[in-house]
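The residues making up each chain are set out below.
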Amino acid sequence: MTTKPAATPARATVYGYPRQGQHRELKKAIEGYWKGRVTADALRDTAAKLRRAHWRQLAGAGIDELPTGDFSLYDHVLDTTVMVGAIPRRHREAVDGDPLDGYFAMARGTQDVAPLEMTKWFDTNYHYLVPELGPDTVFSADSTKQVTELREALALGAAARPVLVGPVTYLLLAKPAPDVAPDFDPLTLLDRLLPAYAEVLADLRAAGAEWAQLDEPALVQDRTPAELQAAERAYRVLGTLSDRPKLLVASYFDRLGEALPVLAKAPVEGLALDFTGAAAANLDALAAVGGLPGKRLVAGVVDGRNIWINDLAKSLATLGTLLGLADRVDVAASCSLLHVPLDASAERDIEPQVLRWLAFARQKSAEIVTLARGLGRGTDTITAELAANRADLASRAHSALTRDPAVRARTEAVTAADARRSQPYAERAAAQRTHLGLPLLPTTTIGSFPQTGELRSARADLRTGRIDTAGYEERIKAEIREVISFQEKTGLDVLVHGEAERNDMVQYFAEQLTGYLATQHGWVQSYGTRYVRPPILAGDISRPEPMTVRWTTYAQSLTTKPVKGMLTGPVTMLAWSFVRDDQPLGDTARQVALALREEVNDLEASGTSVIQVDEPALRETLPLRSSDRPAYLAWATEAFRLTTAGVRPDTQIHTHMCYAEFGDVVQAIDDLDADVISLEAARSHMQVARELAAHGYPREAGPGVYDIHSPRVPSSAEAAELLRSGLRAIPAERLWVNPDCGLKTRGWPETRASLENLVAAARTVREELSGR
Ligand code: GLN
Ligand code: ZN
């Protein structure tokens, strides 16, 4: 396939870049500043150096237009809050006193004031700080950060384009401030917000910006007519300003749908659209609206959320089709490269052959440059790149890692019956009652106990060879003995081994499953200075040997009470990893499910009668568009059932989820067919229990009565009160007593006191029930 050269050469650009630096310099500088070890000037200096280094990296790779303003000391939505002057009242004093300290106070809180709430940025694992707005919010423009960073980039002699969170997305992500009526709609502030944007845009123009990018990812979600009208108005107002740069309105993470015609008609000079995954539907939609005559189209054809190399020939074909649909077509990643690690070439432990399949931010930038060249100057200018890409894609497609015949055969042999328990819940419940002999309102925990410094140093000692495997296992066993004896003494009914051997609930299993890769430097920002290193689901998944059985059986050997086995479920194993892009997610989930099913069956065979399969991520990977949700929930719930359905009726399957709003997935929770579910509920006063009851949830549930996110110890009276309100929604025969989530982030003293109170509360309420 050859593409004819376009009239104007295509430009290569990106919307954002990883912030932290190859050695996480930014994290160290910020945390150093918090501890008083790094001065504000030194922190600003490190930040400016990193920005320069990243721009040089991008320009060196051939990126024509650099993004500016995407950098952040904590979060770009918080930066936008500062830009539009929407500082919450409780933080104003701190911000007025010292803008930098005030900024971190909004992000992290102080002794006296609570931080802004933090939540997930669309369906990524990045968290932003939620703007708090109200009818009294007064916006004012502060373009300092945007202008400074633009000037820094222009000083390097490069073309640069400021990137801002768009006004509609900013308002749609906001929530009513705590002292404001909860039904206040931030979008009503649009007309007041736009002048602040107008001022910033004018400042950017004056500072030399030819273009400015306004990110509107919120428009890829289902939107009401009123919200679409707000978008129409916003870009009519901003588009008709006289003193502004050219405007590029960017969308990503999914298709624009009904927002596409709105933006296509807006008086702005360009649109940036995602053409990867489900967003590929933008292609037909764009043709259907008659393209973008007279406008610039920036085509996100390189997946900005995953770590696989691009299929260059396929992207060129997409770009070729787009050429006829806009005045000019430029090439980009689908979204900011913030969501991928910096540089795959830093990885030393991944086989060279496999490393060639991976593209982190640096490699993706090079792909974008290659595609822009191929598009602008003809594919014969990139023959070598195309040939190498073809070879790498073929090596991946035919590798023994990605195609394990045994796994394929096992997956194909799965029948609908494999994903169904052999008896309906009512019969299972009776069998489990006899088998387990638990009291009314049984007490349990979610799995982990405090991860002490000693445990972490034991793991470090093992890594550095200071202790051997036998020595490490001895330390873990000692911890298990302590945790079991504590639970017996406290009077809990279903015990756990405490998960002392686990670093992380996904990584622990990923390390033991064939088909998963680990990186050494693949850090991705989760929030603020917290970075995670998601493992990579690279190949067909199998389980060479049992992963948890010896710890659970060791714990069980110490007590006559049932010890609950603990596994991370297939949906969460996908959600917190980089996933394969060469097969449907459902296929990957099914492979993981079959590997976990072997573990579940082995646990049962070795005498475990209660097995919990955690799915805290079930809700968070819900597709952004509601029309995509049924298909997702179908494979997600099937994978869970496939994991758990191979056990006897008298083996009790638990699951656990932790997030407050789960109204949208209550049917899916029912479809898991778990015998018992534990959920986060303490802070919302058992809201979850009422939602389950309203749905007619037929099985057992443990809405949490102890908020583990805080060091606060709930009194037994308080826990009892929560239980009583739980009982108004769930009958006593089906109500469990447990904390909201695992205890690994808590200290021992508060854990001890809280669990004692929890058991006391269960006893009190049991007595009340028997008196009735
Ligand atoms: N079993 C896990 C634990 O207790 C569950 C963690 C989670 O839900 N995130 O730590
Ligand atoms: Zn949890």
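Just so it is clear, the model here is predicted, and its values are computed rather than measured. (Residues numbered from 1 in each chain as written. Chains lettered and ligands numbered in written order. Predicted model: local features only at pLDDT ≥ 70, side-chain atom pairs only at ≥ 80, totals over all residues. Heavy atoms only, no water.)

1. Quick look at the site of ligand 1
- Every residue lining ligand 1 is accounted for by Ile-446, Gly-447, Ser-448, Glu-499, Met-505, Asp-614, Pro-616, His-656, Cys-658, Cys-741, Gly-742 and Lys-744.
- In this structure, a nitrogen atom belonging to ligand 1 sits 3.1 Å away from a main-chain N or O atom of Ile-446.
- A distance of 2.7 Å is found between an oxygen atom of ligand 1 and a side-chain nitrogen or oxygen belonging to Ser-448.
- Across the complex, the protein chains shield 94% of the 290 Å² of accessible surface that ligand 1 would expose by itself.
- Among the residues forming the shell around ligand 1, the class breakdown is five nonpolar, four polar and three charged. (Near = heavy atom within 4 Å. Polar contact = N/O pair within 3.5 Å; in protein donor to acceptor, adjacent residues only side chain to side chain. Areas by Shrake-Rupley, 256 points an atom, 1.4 Å probe, with all protein chains shown as cover. Nonpolar A, V, L, I, M, F, W, Y, C, P; charged D, E, K, R; others polar.)

2. Quick notes on the layout of surface pockets
- Here the second largest pocket defines a volume of roughly 980 Å³.
- What lines the second largest pocket is a set of 41 residues, among which Asp-79, Val-82, Tyr-103, Lys-145 and Glu-149 lie closest to the centre.
- For the lining of the second largest pocket, the secondary-structure elements that each account for two or more residues are helix H2 (40-61), helix H3 (76-83), helix H4 (89-97), helix H5 (99-108), helix H6 (144-155) and strand S5 (159-165).
- Its residues assigned to classes, the lining of the second largest pocket shows 20 nonpolar, 10 polar and 11 charged. (1 Å grid on protein atoms, 1.4 Å probe; cavity = no way out; pocket = protein on both sides within 12 Å on 5 of 7 lines; lining within 4 Å. Points joined across faces, edges and corners; volume = space filled by probe spheres on them. Helix = DSSP H or I, 4+ residues; strand = E, 2+ residues; numbered from the N terminus.)

3. A few points about the sheet that holds strand S10 (residues 292-302)
- On the basis of which strands lie adjacent, the open sheet formed by seven strands has the order S1-S5-S7-S8-S9-S10-S11 and parallel pairing. What marks the edges here is a single partner per strand, and that holds for strand S1 (65-68) and strand S11 (326-333). Sheet twist, expressed as the average angle between the axes of neighbouring strands with direction ignored, equals 25 degrees.
- Relative to strand S8 (residues 246-250), strand S7 (residues 211-215) runs parallel, the two being bridged by five bridges. Opposite Gln-213, over in S8, you have Leu-248 as the bridge partner.
- The strands touched by H6 within the sheet are S1 and S5, with S5 carrying the most contacts at an inclination of about 160 degrees. (Pairing = 2+ DSSP bridges. Axes fitted to C-alpha atoms, helices over the stretch in contact; angles between N-to-C directions. Contact = heavy atoms within 4.5 Å.)

4. What about the packing of aromatic side chains?
- Counted according to the given criterion, the structure contains 14 aromatic pairs.
- Ring centres of Tyr-103 and Phe-104 lie 5.6 Å apart, and the angle between their planes is 70 degrees; this geometry places the pair in the edge-to-face category.
- A residue is classified by how much of its surface remains accessible, and Tyr-103, at 8% relative accessible area, is buried.
- For the pair Tyr-632 and Trp-635, a centre-to-centre distance of 5.2 Å together with 85 degrees between the ring planes defines the contact as edge-to-face. Placement of the pair is Tyr-632 and Trp-635 together in helix H24 (residues 629-644), with a separation of three residues, close to one helical turn. In terms of burial, Tyr-632 and Trp-635 fall into one category: buried.
- Among the aromatic residues, those joined into a ring-pair cluster are Tyr-15, Trp-121, Phe-122, Tyr-128, Tyr-252 and Phe-253.
- Across from the ring centre of Trp-523, 3.7 Å away, lies the NZ or CZ of Arg-24, which sits over that ring.
- One residue, Arg-108, lies across the ring of Trp-34, its end atom 3.4 Å from the ring centre. (Phe/Tyr/Trp six-rings, centres within 6.5 Å; stacked < 30°, edge-to-face > 60°. Buried < 20%, exposed > 50% of the residue type's maximum accessible area, 1.4 Å probe, protein only. Lys NZ or Arg CZ within 6 Å of the ring centre and 35° of its normal.)

5. Some details on the nonpolar core
- With 122 residues, the main nonpolar core has Tyr-170, Tyr-235, Leu-319 and Leu-322 as its most contacted residues.
- Of all the elements, helix H8 (residues 190-206) adds the most residues to this core, at eight residues.
- If we ignore the near neighbours within four places in the chain, the residues touching Leu-319 are Ala-299, Val-301, Val-329, Val-331, Leu-371 and Leu-375.
- Within the second largest apolar cluster, 100 residues are counted, among which are Met-657, Leu-692, Leu-722 and Leu-735. (Core = buried A, V, L, I, M, F, W, Y, C linked by side-chain atoms within 4.5 Å.)

6. Side note on the coordination of the zinc ion (ligand 2)
- Within the protein, His-656 (NE2), Cys-658 (SG) and Cys-741 (SG) serve as the donor atoms for the zinc ion (ligand 2), at 2.0 to 2.3 Å.
- Coordination at the zinc ion (ligand 2) is tetrahedral: its four donor atoms span angles of 91 to 122 degrees at the metal.
- In the primary sequence, the donor residues of the zinc ion (ligand 2) line up as H-x1-C-x82-C. Taken as a pair, Cys-658 in the loop between strand S18 (652-657) and helix H25 (666-671) and Cys-741 in the loop between helix H27 (716-727) and helix H28 (748-771) lie far apart in primary sequence, 83 residues in all.
- Given the relative accessible area of 22%, Cys-658 is considered partly exposed. (Donors = N, O, S within 2.8 Å, 3.2 Å for Na, K, Ca; no water. Tetrahedral: all angles 85-135°; square planar, octahedral: opposite > 155°, others 65-115°.)

7. Points about the environment of Ala-281
- Residue position: Ala-281 is located in the loop between strand S9 (270-274) and helix H11 (282-288).
- Residue classification places Ala-281 among the partly exposed positions, given a relative accessible area of 38%.
- Spatially, the C-alpha atom of Ala-281 lies 31 Å from that of Tyr-527, the residues being 246 residues apart in sequence.

8. Details of empty space enclosed by the protein
- Scanning the entire structure with this criterion turns up five cavities of 30 Å³ or more.
- Space inside the largest cavity adds up to approximately 100 Å³.
- Around the largest cavity, the lining is made up of 13 residues, and of these Tyr-17, His-54, Trp-55, Asp-70 and Phe-71 lie nearest the centre.
- If you list the elements that add at least two residues to the lining of the largest cavity, you get H2 and S1.
- Ranked by residues supplied to the lining of the largest cavity, first place goes to H2 with four residues.
- Lining the second largest cavity, in full, are Arg-19, Leu-26, Lys-27, Ile-30, Ser-72, Leu-73, Tyr-74, Gln-525, Gly-528, Thr-529 and Tyr-531.
- Tallying contributions element by element places helix H1 (residues 25-34) first for the lining of the second largest cavity, with three residues.

9. Looking at the packing of H2 against H6
- One way to put it is that H2 packs onto H6 with a least axis distance of 10 Å and a crossing angle of 45 degrees. Taken as axis vectors, H2 and H6 run oblique relative to one another. Handedness of the crossing formed by H2 with H6: right-handed. From H2, Ala-48, Arg-51 and Trp-55 reach across to H6, where they touch Glu-149, Glu-152 and Ala-153.
- Class assignment for the residues of the contact of H2 with H6 results in three nonpolar, no polar and three charged. (Parallel < 35°, antiparallel > 145°, perpendicular 65-115°, else oblique. Left-handed = near helix turned anticlockwise from the far one by under 90°.)

10. A closer look at the side chain of Glu-501
- Take Glu-501: it is sitting in the loop between helix H19 (469-490) and helix H20 (507-510).
- By relative accessible area, which is 4% here, Glu-501 ends up buried.
- At 3.0 Å, the side chain of Glu-501 forms a polar contact with the side chain of His-497.
- Apart from the residues within four sequence positions on either side, Glu-501 is in contact with Arg-459, Tyr-472, Ile-476, Tyr-508 and Trp-551.

11. Let's talk about the pairing of strand S17 (residues 610-614)
- Burial analysis of S17 places five of its five residues in the buried class, the great majority of the element.
- Here S17 shows no split at all, with Val-610, Gln-612 and Asp-614 on one side and Ile-611 and Val-613 on the other all buried.
- Sheet topology places strand S16 (residues 564-568) next to S17; five bridges connect them, and they run parallel. Bridge pairing in S17 places Leu-567 opposite Val-613.
- Here S17 pairs with S18 via five bridges, running parallel. When the bridges of S18 are listed, Gln-612 appears paired with His-654.

12. Quick notes on the packing of H19 against helix H21 (residues 549-556)
- Contact geometry of H19 with H21 gives a least axis separation of 10 Å together with a crossing angle of 45 degrees. Here H21 runs oblique to H19, going by the angle between their axes. In the packing of H19 onto H21, the handedness of the crossing is right-handed. Facing H19, whose interface residues are Glu-473, Ile-476, Lys-477, Ile-480, Arg-481 and Ile-484, H21 presents Arg-550, Trp-551, Tyr-554 and Ala-555.
- Across the contact of H19 with H21, the residue classes break down as six nonpolar, no polar and four charged.

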